[in-house]
Amino acid sequence: MVAENKTFTHRQSPVKEIHVVWMTTGLGCDGDSVSITAATQPSIEDLVMGNIPGLPKVHVHNPVIAYEVGDEFMKYWFDAAAGKLDPFVLVMEGSIPNEKIKKEGYWAALGTDPDTGQPITTNEWIDRLAPKALGIVACGTCATYGGIHAMQGNPTGAMGLADYLGWGWRSKAGLPIVNVPGCPVQPDNMMETLLYLLYQVAGLAPLIPLDDQLRPTWLFGKTVHEGCDRAGYYEQGDFAREYGSPKCLVKIGCWGPVVNCNVTKRGWMAGIGGCPNVGGICIGCTMPGFPDKFMPFMDAPPGSALSTKVVGLWGGVLRRLRAITNTTVNKEPKWRHPRAELTTGYEPINYARN
Amino acid sequence: MPDILTAPATKSSAPTGNIVEMSWDPITRIVGSLGIYTKIDFDSKKVIECYSTSSIFRGYSIFMQNKDPRDAHFITSRICGICGDNHATCSTYAQNMAYGVKPPPLAEWIVNLGEAAEYMFDHNIFQDNLVGVDFCEMMVKETNPSVWEKAQRTPAPHAADHGYRTIGDIMKALNPFSGEFYRETLHVSRYTREMFCLMEGRHVHPSTLYPGGVGTVPSIQLFTDYTVRLMRYIEFMKRCLPLHDDLFDFFYEALPGYEEVGRRRVLLACWGSFQDPDVCDYDYRTMEKWGNAMFVTPGIVIDGQLVTTNLVDINLGIRILLGSSYYDDWGDNGEVFVKNDPLGNPVDRRHPWNQTTIPKPQKRNFADKYTWVMSPRWLDKRTGDHLAMDTGGGPIARLWATALAKLVNIGYVESTGHSVKIRLPKTALKGEVEFEWKIPKWSNAIERDRARTYFQAYSAACALHFLDKALKEVYAGRTATFTPFKVPDEAIGCGFHEAVRGVLSHHMVIRKGKIANYHPYPPTPWNANPRDVYGTPGPYEDAVQNTPIFEENGPDKFKGIDIMRAVRSFDPCLPCGVHMYLGNGKVLQQKHTPTAFAGLAH
């Protein structure tokens, strides 16, 4: 007999339901929303359908996957702004334009103001929602630091969310902005951060650990190079001269040694893909200095000239010594043979031939 | 009448008739931000006017100036979050032309395999996780209870192929999250993206694409990992395709006249996809030849006639018009970067090579300027018309042009002149199958959606061919994937490709080794654009106008499902958005005289 309507395998979250209000109307490409549909660790279904124990029920309001359209969809935004959708986590995707630099009109907007009939700017929504949100996650490099649309020469004055709200901003629950950069965000990185925050809301995890750029430390604490399976080539001073080589790409534009990102460890999906590990130079797309400080992307990073020279001297010697050892270990020990004698070193007592 | 029309409105004031102003903003389950503003006549059950608006501006063509041309594909990938790789690919095509470099054949096969995976993934997730919701049990119950009633009683003709006994069972399986087929397609969208990542590194902004080739390591394992996933997908397509045929055929049967939903004149554009490295050298002067060797044939189809398959004609006919968008016209003041193409043909001032972007943010006014989208047109030299070509969301135009041109025959796919045959080999549980896409009677919502599923199968079949070719290179030891190049001081280039949802072109001008002008034209500007300077509405507007309303709800509970199906059939992707917003239904004061609103277009 199975007991029904009773929970006995895990404790219940003190917060029963939580909403995720996901704004895609920064200056972005919706690539981060598309990215999360690729995640499997956890997947969007895992969260929405309650596949992970101890968490509140999650309602995701994201325009890319929403059942509702138009007003029915916008209702969540108006409710959240009015304090009627509580608690909710705000996810921001896309960079924040500067609406103060022009006379009229808008750079980015969502929904229509019923009073004026004009679009409601994305910035207006941030102003309305930020004070009401339990926490805010900036998803992708556009929302975290400005990214591509904040490139030098841009006409919109785009910036990251922390630039807009202030780096010291705290939610009503005392949480700083959580930045999950990546262009686009690595699918599992984003979903895992949301999962962590849900654990925190459920009282199962401590305050999310963030570095001074507000990134989760367990995701961005190491460099691309530290996780790269081509770092061995670097160590041996063996560098690719052109694209298409399986060797270390640092001399043809890879910024991996100085970029905080776990893509070489995690891969892109299910461990497949990535950047320098699969032949793509690291262009620093998770970094606050992206893209300008990494351009032109296909030139060697200025700092790499010295470091590769130094490594090159010692690495060359190392490689030759290793080649010798490699030849040795590629040979089987000499006692493995079909001859009618035992040469392994064992002293036979009972079966020795005379 | 106020100076600023905040929604399409009329001047009249007598409350007669049953014309209701309705808008959907944002339109969800698409990529980007789109708003559709309409007037609907609930007496004659017809949409009489439609405006399409997009609410985001980012300014790529502006901030790309003076950058290193080799950065172009990294930057332009970021235009789109679902088909960014199509941009990156198209940009490398334009760069290859500008630098005069031809990648090794293996690199082209790898790119083709990546792009085929992109089509397989993207059409799949859009069709069954986004569009599919418009056809799911929840939605149909809400909008057309009688259709839901009938669906439960209607046996699915291909039940033996896909396993769903009735049309109602199919609709149930499409319910978001709880539906079995919905969840399965999410899963399919993941392993197809894994296939993509094998070839291009990361989805959606690839890491391993370069002008001159790819950085992908062409190991045996690479192709093994791709092959096993591809065969899984092919088995899935043998269920997925008959399932969609059943569902779409049912709508024609259950709602006589449904062919008029989203219908417009056949004005289809396709810029071709999948280069053939045996022919393609990226030289503009031989572009007609290598364009015609593509495994999806470029073409302009007007009223069912194939007008051209020549990429040079296609290129020279492109015009960027303004009219209702938030920009100042560059008119005669803009710099003419390219006077003549490399064949000596004159290039128009309104061609992308010569475009200057001057953004001018302003209030939204449906009687004047109301969107950030410009109006690309194709000049038909025979008539002098600036045609509002559409892509039909991509597949319908690709299959239509390919079918008529009769240029593709690789065994796995064959163009017959009036259809496209797609042959899929035996898989674990199912035998060999031949599907045939036949040119439909209409360019409408249902046929755009149907073509999408067929093109998924087409892409899988092409991928089999590309795998054969790639492995032939690998086995022969020809494993180079990159050709070195130099960036010239002065050069021009153009790339033509098919983004998932339709035509994609990139035009670049290099001066002093830097980008002097760069203009990408993705499918959505072609589809989602507003009334141009001549008053010609854009394709969404045109397709929604005159769409009959089959929804059983009146204005108070109106969901606009037929309009949603019409718009979503184009696979909107405005990483600058479309907002569909359903107003509460202000009843306007005019009776059905669409001509009364004609003045608004100017």
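Residues numbered from 1 in each chain as written. Chains lettered and ligands numbered in written order. Predicted model: local features only at pLDDT ≥ 70, side-chain atom pairs only at ≥ 80, totals over all residues.

> Requested: an account of the overall build of chain B, with residues and values cited.
Along chain B, the regular secondary structure elements total 17 helices and 21 strands. A compact globule built from 602 residues would reach a C-alpha radius of gyration of about 25 Å, and chain B, at 23 Å, matches this within 12%. Dimensions along the principal axes, computed over C-alpha positions, put chain B at roughly 75 × 65 × 40 Å. Burial statistics for chain B: of 602 residues in total, 62% are counted as buried. In chain B, the share of contacts with a sequence separation of at least 24, taken over all contacts with a separation of at least 6, comes to 74%. (Helix = DSSP H or I, 4+ residues; strand = E, 2+ residues; numbered from the N terminus. Rg over C-alpha atoms; globule rule 2.2 N^0.38 Å. Buried ≥ 20, exposed ≤ 12 C-beta atoms within 10 Å, placed from the backbone. Contact = placed C-beta atoms within 7 Å.)

> How would you summarise the overall build of chain A if you had to cite specific residues and measurements?
A count of helices and strands for chain A gives 11 helices and 7 strands. Against the globule reference of 20 Å for 354 residues, chain A gives a C-alpha radius of gyration of 27 Å, more extended than a compact globule. Referenced to the eigenvectors of the C-alpha coordinate spread, the extents of chain A come out at roughly 105 × 70 × 30 Å.

> Tell me what's going on with the sheet that holds strand β16 (residues 433–438) of chain B, and back it up with residues and numbers.
Residues and elements named next belong to chain B. One open sheet holds the 3 strands; their spatial order is β14-β15-β16, and the pairing between them is antiparallel. Among the strands making up the open sheet, the edge pair consists of β14 (413–415) and β16. Here the strands of the sheet are splayed against their neighbours by 15 degrees on average, with no regard to which way each runs. Pairing between β14 and strand β15 (residues 419–424): 3 bridges, direction antiparallel. The residue bridging Val413 from the neighbouring strand is Ile422, located in β15. Contacts from helix α14 (residues 445–475) reach β14, β15 and β16, with the element oriented near 55 degrees to β15. (Pairing = 2+ DSSP bridges. Axes fitted to C-alpha atoms, helices over the stretch in contact; angles between N-to-C directions.)

> Give a detailed account of the sheet that holds strand β3 (residues 88–93) of chain A, specifying residues and quantitative values.
Sheet strands pair via backbone hydrogen bonds, and the direction of the pair is either parallel or antiparallel. Residue and element names in this part refer to chain A. Pairing in this open sheet of 5 strands is parallel, and the strands run β2-β1-β3-β6-β7 from one edge to the other. With one partner strand each, in any of the chains shown, β2 (57–61) and β7 (178–180) form the two edges of the open sheet. Neighbour-to-neighbour, the strand axes of this sheet turn through a mean angle of 20 degrees, independent of strand direction. In the sheet, β3 pairs with strand β6 (residues 135–139) via 5 bridges, with the strands oriented parallel. Its bridge partner lying in β6, Leu90 is registered against Ile136.

> Kindly report on the domain arrangement of chain A, identifying the contributing residues and their values.
Residues and elements named next belong to chain A. Here chain A is partitioned into domain 1 (17–218) and domain 2 (222–329). Here the C-alpha centroids of domain 1 and domain 2 sit 33 Å apart. Facing the 15 residues of domain 1 at the interface are 11 residues of domain 2. Broken down by secondary-structure element, the contributors of at least two residues to the side of domain 1 that touches domain 2 are α5 (141–145) and α7 (187–201). Here the residues of the side of domain 1 that touches domain 2 sort into 7 nonpolar, 7 polar and 1 charged. (Domains from an automatic or database assignment. Nonpolar A, V, L, I, M, F, W, Y, C, P; charged D, E, K, R; others polar.)

> Describe the confidence of the model for chain B, listing the residues and the values that go with them.
Residue and element names in this part refer to chain B. Model confidence for chain B is summarised by a mean pLDDT of 91, while 92% of its residues fall at 70 or above. This stretch, residues 1–16, has a pLDDT under 50; its non-local contacts, to residues over four places away or in other chains, come to 37 contacts. Low pLDDT (under 50) marks residues 576–602, which in the prediction has 116 contacts with non-local residues, meaning those over four places away or in another chain. (pLDDT = per-residue confidence, 0-100.)

> Could you give an account of the pairing of strand β1 (residues 19–24) of chain B, naming the residues involved and the relevant values?
Residue and element names in this part refer to chain B. Within β1, 6 of the 6 residues are buried, which leaves the element mostly enclosed by the surrounding structure. In β1, alternate side chains face the same way, and those of Ile19, Glu21 and Ser23 on one face and Val20, Met22 and Trp24 on the other are all buried. In terms of strand pairing, β1 meets strand β2 (residues 31–41) through 6 bridges, oriented antiparallel. Following the sheet pairing, Glu21 is matched in β2 by Lys39. Hairpin connection, β1 to β2: the antiparallel pair is bridged by 6 residues, and Arg29 has positive phi, about 55 degrees.

> For unusual backbone geometry, give the residues involved together with the corresponding values.
Residue and element names in this part refer to chain A. Residue Pro291 is bonded to the preceding Phe290 through a cis peptide linkage, with omega at -5 degrees. Position of Pro291 relative to the elements: it lies in the loop between α10 (263–266) and α11 (304–329). Here Met295 and Pro296 are connected by a cis peptide whose omega angle stands at -5 degrees. Considering the arrangement of structural elements, one finds Pro296 in the loop between α10 and α11. Here the phi dihedral of Asp30 falls at roughly 65 degrees; this positive angle occurs in a residue that is not glycine. One can find Asp30 in the loop between β1 (17–23) and α1 (31–36).

> Any chance you could break down the packing of helix α9 (residues 180–200) of chain B against helix α10 (residues 220–254) of chain B for me, citing the residues and the numbers?
All names here are of chain B. The contact between α9 and α10 brings their axes to 9 Å, and the two run at 150 degrees. Of the possible angle classes, the one that applies to α9 and α10 is roughly antiparallel. Relative to α10, α9 is oriented so that their crossing is left-handed. For the pair formed by α9 and α10, the contact residues are Val188, Tyr191, Thr192, Glu194, Met195 and Leu198 on the first element and Leu222, Asp225, Tyr226, Arg229, Leu230, Arg232, Tyr233 and Phe236 on the second. (Parallel < 35°, antiparallel > 145°, perpendicular 65-115°, else oblique. Left-handed = near helix turned anticlockwise from the far one by under 90°.)

> Describe the packing of α10(B) against α14(B), with residues and values.
Residue and element names in this part refer to chain B. Packing of α10 against α14 brings their axes to within 9 Å, and their N-to-C directions diverge by 160 degrees. Classified by the angle their axes make, α10 and α14 are roughly antiparallel. Crossing of α10 over α14 shows left-handed handedness. In the contact of α10 with α14, the residues fall into 21 nonpolar, 4 polar and 2 charged.

> Could you give an account of α11(A), naming the residues involved and the relevant values?
Remark: the principal bend of α11(A), roughly 35 degrees, maps to A:Gly312. For α11(A), the buried fraction is low: 2 of the 26 residues fall into the buried class. (Bend = angle between axes of the 7 residues up to and from the residue.)

> Help me get a handle on the environment of A:Ile283, residues and values and all.
With respect to the element layout, A:Ile283 can be found in the loop between α10 and α11. A C-alpha to C-alpha distance of 6.2 Å links A:Ile283 and A:Phe294, two positions 11 residues apart in sequence.

> If you had to explain the pairing of strand β4 (residues 109–112) of chain A to someone new, which residues and values would you point to?
If a strand is regular, its side chains alternate between the two faces of the sheet. Residues and elements named next belong to chain A. Alignment of β4 against strand β5 (residues 119–121), held across 2 bridges, turns out to be antiparallel. Paired with Thr112 across the two strands is Pro119, which belongs to β5. Once β4 ends, the chain turns through 6 residues before running back antiparallel as β5, passing Gly117 with a positive phi of about 75 degrees.

> Now, about the environment of A:Pro63: what can you tell me, with residues and values included?
Tracing the chain through its elements places A:Pro63 in the loop between β2 and α3 (70–81). A:Pro63 gets classed as buried once you count the C-beta atoms within 10 Å, which come to 30. In the structure, A:Pro63 is positioned 228 residues away from A:Pro291 in sequence and 27 Å away in space, judged by C-alpha atoms. The contact partners of A:Pro63, leaving out residues within four places of it in the chain, are A:Thr24, A:Phe73, B:Pro26 and B:Thr28.

> Break down the environment of B:Thr154 for me, citing the residues and quoting the values.
Residues and elements named next belong to chain B. Residue position: Thr154 is located in the loop between α6 (145–153) and α7 (159–162). Judged by the 17 C-beta atoms lying within 10 Å of it, Thr154 falls in the partly exposed class. Sequence-wise, Thr154 and Ala254 are 100 residues apart; in three dimensions their C-alpha atoms are separated by 9.7 Å. Discounting chain neighbours no more than four positions away, the residues touching Thr154 are Thr166, Ile167 and Phe250.

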